[in-house]
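Here are the chains, one letter per residue:
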Amino acid sequence: DPRGLYTCKIGDNEYFLQVHYRMCQNCIEVDAPTISGIVIADVIATVFLAVAVYCITGQDKGRMSRGEGRALLAARGWGQ
């Protein structure tokens, strides 16, 4: 506990230092394993999200968009 009155004597002079130390009541101590666990969980979640987005966007490859169908009709002269 660093709280208290500290003195320093240099020659005939004496100096005082009052130290007040207050801890946070809602603080949580975070150590290296906790931080590494958070980082690993974040990387795993990011990989799962990337795979999910890839799978969802990969399913639309067989479908034509609205613009593609009209472009084919306009090229043949039927869309007039």
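Residues numbered from 1 in each chain as written. Predicted model: local features only at pLDDT ≥ 70, side-chain atom pairs only at ≥ 80, totals over all residues. Heavy atoms only, no water.

What to know about the overall build of the chain
Reasoning step 1: Within the chain, the regular secondary structure consists of two helices and two strands.
Reasoning step 2: Taken from the N to the C terminus, the helices and strands of the chain come in the order β-β-α-α.
Reasoning step 3: Burial statistics for the chain: of 80 residues in total, 0% are counted as buried.
Reasoning step 4: Counting every atom, the chain has about 8,000 Å² of accessible surface; 60% of that belongs to carbon and sulfur. (Helix = DSSP H or I, 4+ residues; strand = E, 2+ residues; numbered from the N terminus. Buried < 20%, exposed > 50% of the residue type's maximum accessible area, 1.4 Å probe, protein only. Areas by Shrake-Rupley, 256 points an atom, 1.4 Å probe, with all protein chains shown as cover.)

Digging into the pairing of strand 1 (residues 4-10)
Reasoning step 1: For strand 1, the tally of buried residues reaches only zero of seven residues, placing the bulk of the element at the surface.
Reasoning step 2: Where strand 1 meets strand 2 (residues 13-19), seven bridges bridge the pair, whose relative direction is antiparallel. Its bridge partner lying in strand 2, Leu 5 is registered against Gln 18.
Reasoning step 3: The antiparallel hairpin formed by strand 1 and strand 2 contains two residues in its connecting segment, where Gly 11 sits at a positive phi of about 65 degrees. (Pairing = 2+ DSSP bridges.)

A few points about the UniProt feature "transmembrane region" (unreviewed entry) in the chain
Reasoning step 1: Taken from the UniProt record, the annotation "transmembrane region" (unreviewed entry) applies to residues 35-56.
Reasoning step 2: The span residues 35-56 shows a helical share of 100% and a strand share of 0%, and its end C-alpha atoms are spaced 32 Å apart. (UniProt positions renumbered as here; feature names shortened; annotations may be inferred.)

Here's the deal with a nonpolar patch on the surface
Reasoning step 1: Together, Ile 28, Val 30, Ile 35, Val 39, Val 43, Val 47 and Val 51 line one region of the surface with nonpolar side chains, adding up to about 640 Å² of accessible area.
Reasoning step 2: Examined against the element boundaries, Val 30 turns out to sit in the loop between strand 2 and helix 1 (32-58). (Patch = residues over 30% accessible without salt bridge, like charges linked within 9 Å, V, L, I, M, F, W, Y side chains within 5 Å. Salt bridge = Lys/Arg side-chain N within 4 Å of Asp/Glu carboxyl O.)

Overview of the confidence of the model for the chain
Reasoning step 1: Mean pLDDT over the chain works out to 80, with 72% of the residues at or above the 70 mark.
Reasoning step 2: Confidence, expressed as mean pLDDT per element, reaches its minimum in the chain at helix 2 (residues 66-76) with 58 and its maximum at helix 1 with 94. (pLDDT = per-residue confidence, 0-100.)

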